Amino acid sequence: MTNDPMPEATDDTAPEALDRSQEWASPRRGGPALTRRKVLGLAGMAGTSALVVAASGPPGSASPSMRLGAGRGREGGQGWIGKPLPRVDGPLKVRGAAPYAAEFTYEGMVYAALVFSTIAKGRIAELDTGATEAAPGVVFVLSHLNAPRMGPMVAFGDHEKAAGNDRRPTMQDDRVRWNGQPVAVVLADTQEEADHAASLVRVVYEAEPATTSFAQAVANGTETAVLGDWPVHVEIGDAEAALSAAQASVDAIYRSPHQNHNAIEPHAVTAVWDGDELEMYDSTQSVVHNAWTLAQMFGIEEEQVHVVSPFVGGSFGGKFMGLPEVLAAAAARAVGRPVRMALSREAVYRLVGGRALTEQRVAIGADRNGRIDALIHTGTSTHTPHNPHPEAFVFPTLTSYATRTLKIDLQWAYLDMVSNHSMRAPGEAVGSFALESAIDELAHELKIDPIELRIRNEPAVDPLDGRPFSSRNIVQAWHAGAERFGWARRNPTPRAVRHGDWLVGMGCGTATHHYSREPTGRARFTLTREATLAVDVAAHDAGMGTATAVTLVVAELLALRPDRVEVRIGDSTMPGVIAGNGSQQIATVTGTVVAGKAAVVAELLRLVRPGSPLAGLTSEQVTPHEAGLSATEDRARYESYASILGHAGLSEVTVDASGGEPVELARYSMASYGAMFAEVRVNAVTGEPRVTRLLGSMDCGRVMNARTAASQFRGGMVMAMGLALNEATHYDERNGRIMNPSLSEYHIPVHLDVPEIDVIWTGVPDPHTPMGGRGIGELGVNGTGAAIANAIFNATGTRVHDLPITLDKLM
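Figured I'd write up the structure that's included with this text. Please read all numbers here as calculations on a predicted model, not as lab measurements.

### Describing helix α12 (residues 428-446)
For step 1, the next point in the chain: The end-to-end C-alpha distance of α12, which contains 19 residues, comes to 26 Å, matching closely the 27 Å that a straight helix rising 1.5 Å per residue would cover.
For step 2, the next point in the chain: Within α12, 17 of the 19 residues are buried, leaving the element largely enclosed by the surrounding structure.

Here you go:
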C-alpha cells in the first residue's frame with residue numbers, strides 16, 4: 001500500500017516543474033485571419049525536412065500493445081510514472097498567462113447578455129425590444145424572430161461525436177420549455193451596456209399548465225429510464241421474497257435534491273465567423289464533439305468549425321456542448337461580428353442543469369452472519385424530455401456486493417425544467433449515499449463492524465454477469481485505510497463519544513466507479529532531431545492534470561526527460577475524439593500513447609542505416625533508452641534519436657496512432673474502488689455538523705502522477721462534503737423558478753469547512769488496462785457522502801436519509 005502518495009520532492013523522485021512559462025501559442029488576436037489551425041499547419045515547414053507517417057493499428061489490435069506497458073514501472077528505463085511532477089501548465093497559470101475562453105479578443109467584438117423566461121411552459125406572445133435597441137451601445141437583439149435557422153443539438157450518445165445536452169430546438173420558435181430559458185440575447189459594445197439593455201426587454205407570455213414538482217411528476221406517471229439502449233431494470237431471482245424471508249433486513253427511502261454546477265470559471269464562449277467558417281474559443285470538455293455538433297446545426301462541414309479550449313477552469317460534466325455555444329455562434333452569425341458570451345453565475349443555473357432529484361429505495365436482506373440474500377435498489381429521478389443524461393443512481397449496486405437475489409429499477413418522472421446534466425460521478429454519487437447508508441444500517445442491526453460486513457459480502461466475480469474482475473483489491477484498501485485512520489478506536493455505540501459540546505463519530509463507505517476507454521482515441525507524435533517529442537491530441541484539461549500525467553507516460557515509454565516532452569491538447573483540429581468525461585480520458589490517451597510508442601519505434605527502425613548498431617533488429621528486440629533505442633539484450637547496441645534522424649537527413653518524424661478498441665471491457669468487469677473514512681463532530685446544542693477528518697484508501701490501479709492524482713481524490717472528497725452537508729438547488733414549485741442561483745444562497749464547502757484529507761492507494765497495476773491504470777477523477781465523490789452520514793449517525797444516533805444533512809435535521 002502506498003501510504004505517502006506525495007513523497008518529499010528530491011532530485012531522483014520529483015522532476016522539477018517544466019518550463020512552460022512562455023506565452024501560450026495562440027492565434028493572432030484582433031481578427032480571424034490567422035487561426036491556431038493555420039499556425040499549427042505552418043509549424044516546422046520553413047527550411048526543414050520532415051517525415052509524416054500514418055501508423056495506426058487495426059481495430060482491436062491495441063490489447064497486446066497495452067500489455068507491453070501494463071503493470072511495468074520501467075518500460076523506458078526512467079521510472080517517471082507515479083512521480084509527483086508539478087503541473088506543466090502551472091507557471092502559465094500563476095503568472096496569469098494562461099488564456100481562458102473569455103479572454104480572447106477580436107477587433108469589433110460585441111458582448112452578450114441573456115434574457116430569461118419567467119414561466120415554465122407556454123409561448124412568447126409579444127417581445128418588445130424597442131427600449132433595448134435604443135439603449136446606449138446596443139448593436140443587435142437576437143430572438144426567435146431573427147435567429148439563424150439551426151437544427152437541434154445532436155444529443156450525447158446519438159453519434160460518436162455528439163455531445164449535446166438537449167435535443168430541443170434553440171430559438172427556432174416561440175415556445176417556452178422551462179423557467180429560465182433564454183428568450184433573447186442582447187449584443188452591445190460593452191458587457192455593462194449589454195447587461196443594462198437586457199433588463200429593458202419586455203416579454204408577454206401565454207402560460208400553459210406545467211409540471212414543476214416531483215410529486216406532480218410522479219402522479220403523472222413514470223417510465224423506465226434508458227441508458228443508451230439499456231432499459232435500467234434487472235431482476236435476478238425473487239429479491240422481494242428473499243427480503244421477506246431474511247433473518248435481518250433494512251428497507252428505507254433515501255432522497256437527494258437537485259444540485260447545480262459551480263465551476264470556478266463560469267461557462268464562456270468567444271465566437272467569430274469568417275464567411276462560412278466558425279472559430280470558437282470555448283470553456284469545454286468536448287472540443288471535437290462541439291465542432292461536429294455545431295457543423296450539424298448550422299449545415300456546414302465539420303472542417304469549417306474550429307473549437308479551441310486550451311484552459312478550462314473546472315467542468316465536472318457541466319461543460320459539454322450546450323446553449324452557450326449555440327447562442328454565441330448564432331449571435332455572431334446574425335450580427336456579422338465576433339461575440340463573447342460569458343455567463344453570469346445566475347445564467348449558469350438557468351441554462352446548465354446539474355444532478356437530478358432522486359428518491360431511492362434500498363432494501364437489504366441478510367442472514368445472521370451478514371451474508372446478503374436480497375439486494376434491492378429502485379427508485380425515481382427527475383428528467384426532461386429529449387435529454388440524454390439519466391441520473392443512474394443504481395450503478396454502484398450492480399457490482400459492489402455478492403447477493404443471491406438482485407432487483408434494480410430506475411424510473412423517470414418528467415418535469416418542465418432545465419435539462420439535468422452530467423455532474424461528477426452522475427448517479428453514482430447519490431446512489432452510493434443510499435446504498436452505503438443502508439449497508440451501515442444493516443451492520444448496526446447485526447452488531448457487525450461495518451467494514452467486516454462489507455468484506456464478508458465481497459464478490460468473487462461480477463454479480464451481474466459473472467465476468468471475472470480485471471483487478472479488485474478493495475479488501476486490501478479497507479485494511480490499510482482502517483489502520484491508517486485509526487478505525488479500531490471507533491466506539492460502535494452511537495452518541496458514546498463526546499468532547500465538551502461536540503458529539504464525535506466515525507463512519508465509512510465504499511466507493512466505486514466504472515472503468516471506460518474510448519475506441520476513438522488517436523494522437524499525433526512528432527519526434528525531432530533535438531530529441532524533443534510533441535504529442536497532439538484532442539483531449540482536455542479542466543484542472544485534472546491531463547497534460548502533466550500524459551507527459552510522464554510519454555517520457556517513460558520513450559526514455560525522455562519530461563522537459564523534453566510537450567503535450568498539446570484542447571483543439572478540435574487535433575487527432576482523436578475524446579471527451580473529458582467518465583474518468584476515461586487518461587485510459588484513452590495512455591492507450592494511444594502505448595500504440596504511439598510502438599509506431600515511433602517501428603518508424604525509427606525503418607530509418608536506421610545499414611551500419612547502425614540497430615540494423616537488423618525488430619521492434620520486439622529494441623527498447624527506448626536514454627533518448628534513443630538500444631537492443632533489449634545488449635544495451636551497447638544503442639543509437640540516439642538524434643543520430644537516427646540525422647543520418648536519415650530528417651529534422652523530425654511524425655506518426656499518428658490509435659489506441660484501438662477497448663476489448664478489455666468485453667472480457668472483464670472493470671472499475672476503480674475506494675474505502676472512504678470520515679470523522680465528524682456534531683454540536684449537541686446547535687446541531688451543527690463539522691467534518692474533522694477524511695481519508696480515502698483507493699484501489700485504482702497504477703497512478704500516473706502522484707501529485708495530480710492526490711489532488712483529484714481530495715477534490716472529489718470535498719465535492720462529496722458539499723453533497724452530504726450543503727448543496728441543494730431550490731425550485732419554487734409554483735412556477736419552476738430556481739430561487740437560489742448564486743453562491744451566496746447555494747452553499748458549497750469553503751476553506752474553513754474542509755479538514756485534513758488523507759489519501760492513500762494500493763498501487764496494484766491492473767494488468768488489462770493501458771499502463772495498468774484506471775479512472776480516478778470521479779472516485780472520491782462516491783462513498784464519501786455516505787461515510788459522512790454514517791459518521792453523523794455514530795456521533796448522534798440520528799439517521800438522516802434526506803440530503804443535505806443540515807443542522808435542523810440533527811437538533
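### Observations concerning the sheet that holds strand β5 (residues 175-176)
For step 1, the next point in the chain: On the basis of which strands lie adjacent, the open sheet formed by 3 strands has the order β5-β3-β7 and antiparallel pairing. Each edge of the open sheet carries a strand with a single partner, namely β5 and β7 (202-207).
For step 2, the next point in the chain: As defined by bridge partners, strand β3 (residues 122-128) adjoins β7 across 6 bridges and the pair is classed as antiparallel. Directly across from Glu126, in β7, lies its bridge partner Val204.

### Here we look at the packing of aromatic side chains
Aromatic rings in a pair are described by how distant their centres are and how their planes are angled relative to each other.
For step 1, the next point in the chain: Applying the stated criterion across every chain yields a total of 12 aromatic pairs.
For step 2, the next point in the chain: Considering the side-chain rings of Tyr254 and Phe433, the 6.0 Å spacing of their centres and the 90° angle between planes classify their relative orientation as edge-to-face. Pair noted here: Tyr254 is in strand β12 (residues 248-256) and Phe433 is in helix α12, with a separation of 179 residues, a long-range link. Both residues of the pair, Tyr254 and Phe433, belong to the buried class.
For step 3, the next point in the chain: One aromatic cluster is present, built from ring pairs that chain together Trp478, Phe485, Trp487 and Phe677.
For step 4, the next point in the chain: Positioned above the aromatic ring of Trp273 is the side chain of Arg333, whose terminal nitrogen or guanidinium carbon lies 4.0 Å from the ring centre.
For step 5, the next point in the chain: Positioned over the ring face of Phe485 is Arg693, at 3.9 Å from the centre of the ring.

### Remarks on the side chain of Thr592
For step 1, the next point in the chain: As for its position among the elements, Thr592 is in helix α16 (residues 585-607).
For step 2, the next point in the chain: Setting aside anything within four residues of it in sequence, one finds Thr592 in contact with Gly521, Arg522, Ala523, Phe525, Ala657 and Gly659.

### Considerations on the environment of Ala113
For step 1, the next point in the chain: Inspection of the secondary structure puts Ala113 in strand β2 (residues 110-116).
For step 2, the next point in the chain: Given the relative accessible area of 6%, Ala113 is considered buried.
For step 3, the next point in the chain: For the pair Ala113 and Met341, spaced 228 residues apart in the sequence, the C-alpha separation amounts to 7.2 Å.
For step 4, the next point in the chain: Ignoring any residue separated from it by four or fewer positions in sequence, one finds Ala113 in contact with Ala184, Val185, Val186, Gln191, Ala194, Asp195 and Ala198.

### Observations concerning unusual backbone geometry
For step 1, the next point in the chain: Note the cis peptide between Leu803 and Pro804, where omega equals -10°.
For step 2, the next point in the chain: Residues other than glycine seldom take positive phi values, yet Ala425 does so here, at roughly 60°.
For step 3, the next point in the chain: Following the sequence through the fold, Ala425 ends up in the loop between β19 (405-414) and α12.
For step 4, the next point in the chain: Unusually for a residue other than glycine, Ala627 sits at a positive phi of about 60°.
For step 5, the next point in the chain: By the secondary structure assignment, Ala627 is in the loop between β25 (622-624) and β26 (628-631).
For step 6, the next point in the chain: Overall, Ala627 belongs to the partly exposed group, its relative accessible area being 22%.

### Things to note about helix α9 (residues 323-335)
For step 1, the next point in the chain: Here α9 is 13 residues long and its end C-alpha atoms lie 18 Å apart, about the 18 Å a rise of 1.5 Å per residue gives.
For step 2, the next point in the chain: Buried residues dominate α9, accounting for 11 of its 13 residues.
For step 3, the next point in the chain: Taken residue by residue, α9 has Leu323, Pro324, Glu325, Val326, Leu327, Ala328, Ala329, Ala330, Ala331, Ala332 and Val335 as its buried positions.
For step 4, the next point in the chain: One or two steps after α9, the chain reaches Gly336, where phi turns positive at roughly 75°.

### Focus on the state of the cysteines
For step 1, the next point in the chain: All chains considered together, the criterion is met by 0 disulfides.
For step 2, the next point in the chain: Free of any disulfide, Cys700 has its nearest neighbouring cysteine sulfur in Cys508, separated by 19 Å.
For step 3, the next point in the chain: Taking the relative accessible area as the measure of exposure, Cys700 reaches 1% and is therefore buried.

### Details of the packing of helix α19 (residues 706-725) against helix α20 (residues 784-796)
Working note: a packed helix pair is described by the angle between its axes plus the distance between those axes.
For step 1, the next point in the chain: Packing of α19 against α20 brings their axes to within 8 Å, and their N-to-C directions diverge by 50°. Judged on the interaxial angle alone, α20 and α19 are oblique. Classified by chirality, the crossing of α20 by α19 is right-handed. For the pair α19 and α20, the contacting residues are Met717, Ala720, Met721, Leu723, Ala724 and Leu725 in the first and Thr784, Gly785, Ile788 and Ile792 in the second.
For step 2, the next point in the chain: Class assignment for the residues of the contact of α19 with α20 results in 8 nonpolar, 2 polar and no charged.

### What to know about the pairing of β3
For step 1, the next point in the chain: In terms of strand pairing, β3 meets β5 through 2 bridges, oriented antiparallel. Note that in β5 the partner of Arg123 across the bridge is Arg175.

### Observations concerning the sheet that holds strand β27 (residues 634-640)
For step 1, the next point in the chain: Spatially, 3 strands are ordered β25-β26-β27 in an open sheet, and the strand pairing comes out antiparallel. Among the strands making up the open sheet, the edge pair consists of β25 and β27. Shown here is a sheet whose adjacent strand axes are inclined to one another by a mean of 30°, direction ignored.
For step 2, the next point in the chain: Here β26 pairs with β27 via 4 bridges, running antiparallel.

### Describing the pattern of salt bridges
For step 1, the next point in the chain: Tallied over the full model, the rule gives 37 salt bridges.
For step 2, the next point in the chain: In this structure, Asp440 engages Arg799 in a salt bridge whose closest nitrogen and oxygen atoms are separated by 3.1 Å. You can see Asp440 sitting in helix α12 and its partner Arg799 sitting in the segment after α20, a full 359 residues away along the chain.
For step 3, the next point in the chain: Residue Asp440 is classed as buried on the basis of its relative accessible area, which comes to 4%.
For step 4, the next point in the chain: Across the pair Asp563 and Arg561 runs a salt bridge whose closest N-O atoms are separated by 3.9 Å.
For step 5, the next point in the chain: The class of Asp563 is partly exposed, set by a relative accessible area of 40%.
For step 6, the next point in the chain: The class of Arg561 is partly exposed, set by a relative accessible area of 43%.

Reading guide: rules and limits
Residues numbered from 1 in each chain as written. Predicted model: local features only at pLDDT ≥ 70, side-chain atom pairs only at ≥ 80, totals over all residues. Heavy atoms only, no water. Helix = DSSP H or I, 4+ residues; strand = E, 2+ residues; numbered from the N terminus. Expected span 1.5 Å × (residues − 1). Buried < 20%, exposed > 50% of the residue type's maximum accessible area, 1.4 Å probe, protein only. Pairing = 2+ DSSP bridges. Phe/Tyr/Trp six-rings, centres within 6.5 Å; stacked < 30°, edge-to-face > 60°. Lys NZ or Arg CZ within 6 Å of the ring centre and 35° of its normal. Contact = heavy atoms within 4.5 Å. Disulfide = S-S within 2.5 Å. Axes fitted to C-alpha atoms, helices over the stretch in contact; angles between N-to-C directions. Parallel < 35°, antiparallel > 145°, perpendicular 65-115°, else oblique. Left-handed = near helix turned anticlockwise from the far one by under 90°. Nonpolar A, V, L, I, M, F, W, Y, C, P; charged D, E, K, R; others polar. Salt bridge = Lys/Arg side-chain N within 4 Å of Asp/Glu carboxyl O.

Spatial relationships are all this shows, so hold off on functional conclusions.
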